[in-house]
Amino acid sequence: METISENACFGGTQGVYSHASQSCACDMTFGLFMPEDARDGPVPLLWYLSGLTCTHENAMTKAGAQAWAAEHGIALVFPDTSPRGEGVADDDAYDLGQGAGFYVNATQAPWAAHFRMWDYVTEELPKLLGEKFPLDMTRQGITGHSMGGHGALTMAMALPGRFRSVSAFAPISNPTASDWGRKQLGAYLGPDESTWVAHDATLLMQEKGFDGPILIDTGTDDQFVNLLKPEALAHAIATRRQQATLRMQPGYDHSYFFVSTFMEEHVAFHADALYA
């Protein structure tokens, strides 16, 4: 692992690191905020998965999460959204290829060689973090925005016991029924739609649910709301009678202005679960 940068931040350290990833067969970069409390022992970890076109850097610099994480003594990790570099497949469209990994393990050419973001986020990166940093990996929460909200919800439901809490900002909630999903799942996983089900939060809610609290915020003025399909997930949650708080925030769009506005509440939500 290589240290790219480390900066003092709200009494702790905001670092950026790179390492050779076996899952993605390329170098991967991630951001990690360690609060001051980590100097006294392991601290809980909150994952933030970013959306389309983002890198590790977007939320790290725009979401304002470190201030609230420092207050609660929680570490924050910001993985990249896809593999990158020379020889890594890409597409001219912003919503496929580099920057658009969709947090799945691709099985189709030309993506299968590198696009194994599910394994990277759920297996390889947690192992690295647990080995290199004072983190209590028995206390993890996960959140994300848009494509990252999709990833957060699907990972939380697919890995029972891994995360104590899950939240999302404007998640892609029903990708098997949306143009933000059908295109990417078809490209990465192939035409057999039965393989897509494991990556649809609405379908997973119907099948599995989540053994813990859920918080989801979406803006009423989100320019992509018809692609996000919050109503599909809301219906699945209500039908299952899942413990959850779903909020439509009046006047907010899909931007980081929206994310940063409600970040304090999301970090506090996770802190309640991580320190319970």
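Refer to the preceding data block for the structure.
Residues numbered from 1 in each chain as written. Predicted model: local features only at pLDDT ≥ 70, side-chain atom pairs only at ≥ 80, totals over all residues. Heavy atoms only, no water.

A. Representation of the packing of helix H2 (residues 65-72) against helix H9 (residues 256-274) within the structure. The geometry of H2 relative to H9 is characterised by a closest axis approach of 9 Å and an angle of 30 degrees between their N-to-C directions. Here H2 lies roughly parallel to H9, going by the angle between them. Relative to H9, the crossing made by H2 is right-handed. Between H2 and H9, the contacting residues are Ala65, Trp68, Ala69 and His72 on the first element and Met263, Glu264, Val267, Ala268 and Ala271 on the second. Here the contact of H2 with H9 is composed, by residue class, of seven nonpolar, one polar and one charged. (Axes fitted to C-alpha atoms, helices over the stretch in contact; angles between N-to-C directions. Helix = DSSP H or I, 4+ residues; strand = E, 2+ residues; numbered from the N terminus. Parallel < 35°, antiparallel > 145°, perpendicular 65-115°, else oblique. Left-handed = near helix turned anticlockwise from the far one by under 90°. Contact = heavy atoms within 4.5 Å. Nonpolar A, V, L, I, M, F, W, Y, C, P; charged D, E, K, R; others polar.)

B. A look at unusual backbone geometry. The omega torsion of the bond from Ala109 to Pro110 falls at -5 degrees, within 30 degrees of zero and hence cis. Within the secondary structure, Pro110 is located in the loop between strand S5 (75-79) and helix H3 (117-132). One non-glycine residue, Ala25, adopts positive backbone phi at about 55 degrees. On the secondary structure map, Ala25 appears in the loop between strand S2 (12-21) and strand S3 (26-34).

C. Spatial organisation of the nonpolar core. Residues Phe30, Leu129 and Tyr188 are the most contacted members of the largest nonpolar core, which totals 87 residues. Looking at this core element by element, the count peaks at eight residues for H9. (Core = buried A, V, L, I, M, F, W, Y, C linked by side-chain atoms within 4.5 Å. Buried < 20%, exposed > 50% of the residue type's maximum accessible area, 1.4 Å probe, protein only.)

D. Expanded view of the side chain of Thr202. Among the secondary structure elements, Thr202 is positioned in helix H6 (residues 201-207). In terms of polar contacts, Thr202 uses its side chain to reach the backbone carbonyl oxygen of Ser173, at 2.7 Å. With sequence-adjacent residues up to four places away left out, Thr202 is seen in contact with Ser173, Asn174, Ala232, Leu233 and Ala236. (Polar contact = N/O pair within 3.5 Å; in protein donor to acceptor, adjacent residues only side chain to side chain.)

E. Quick peek at the sheet that holds strand S8 (residues 214-219). Reading across from one edge, S1-S2-S3-S5-S4-S6-S7-S8-S9 is the order of the nine strands in this open sheet, with mixed pairing throughout. With one partner strand each, in any of the chains shown, strand S1 (2-9) and strand S9 (245-249) form the two edges of the open sheet. Going from strand to strand, the sheet's axes swing by 20 degrees on average, the running direction of each strand aside. Where S2 and S3 come together, nine bridges link them in antiparallel fashion. Counterpart to Ser21 in the pairing with S3 is Cys26. Helix H4 (residues 147-158) contacts strand S4 (43-49), strand S6 (135-144), strand S7 (165-169) and S8 of the sheet and is inclined by roughly 135 degrees relative to S6. (Pairing = 2+ DSSP bridges.)

F. The arrangement of the pairing of S7 in detail. Most of S7 sits out of view: five of its five residues are buried. Where S6 and S7 come together, two bridges link them in parallel fashion. Across the sheet, Gly141 pairs through a bridge with Ser165, a residue of S7. In the classification by handedness, the crossover that spans S6, the intervening H4 and the parallel S7 is right-handed. Alignment of S7 against S8, held across four bridges, turns out to be parallel. Across the sheet, Val166 pairs through a bridge with Ile214, a residue of S8. (Right-handed = clockwise from strand over helix to strand, strands pointing away.)

G. Representation of the side chain of His270. Within the element layout of this structure, His270 appears in helix H9. Overall, His270 belongs to the buried group, its relative accessible area being 0%. With sequence-adjacent residues up to four places away left out, His270 is seen in contact with Leu46, Gly141, Ile142, Thr143, Ser165, Val166 and Ser167.

H. Layout of the environment of Asp217. Tracing the sequence through the fold places Asp217 in strand S8. Expressed as a C-alpha distance, the spacing of Asp217 and Ala63, which sit 154 residues apart in the sequence, is 14 Å. Leave out the neighbours within four places in its chain, and Asp217 touches Ala168, Phe169, Ala170, Pro171, Arg247, Gln249, Phe258, Phe262 and His266. Here the side chain of Asp217 touches His266 through a polar contact of 2.8 Å, side chain to side chain.

I. View of the packing of aromatic side chains. Per the stated rule, a full pass over the model turns up 11 aromatic pairs. Considering the side-chain rings of Phe169 and Phe258, the 6.1 Å spacing of their centres and the 85 degrees angle between planes classify their relative orientation as edge-to-face. Residue Phe169 is found in strand S7, and its partner Phe258 is found in helix H9; the two are separated by 89 residues along the sequence. Note on accessibility: Phe169 and Phe258 belong to one class, buried. A connected cluster of aromatic rings, assembled from ring pairs, spans Phe169, Tyr252, Phe258 and Phe262. (Phe/Tyr/Trp six-rings, centres within 6.5 Å; stacked < 30°, edge-to-face > 60°.)

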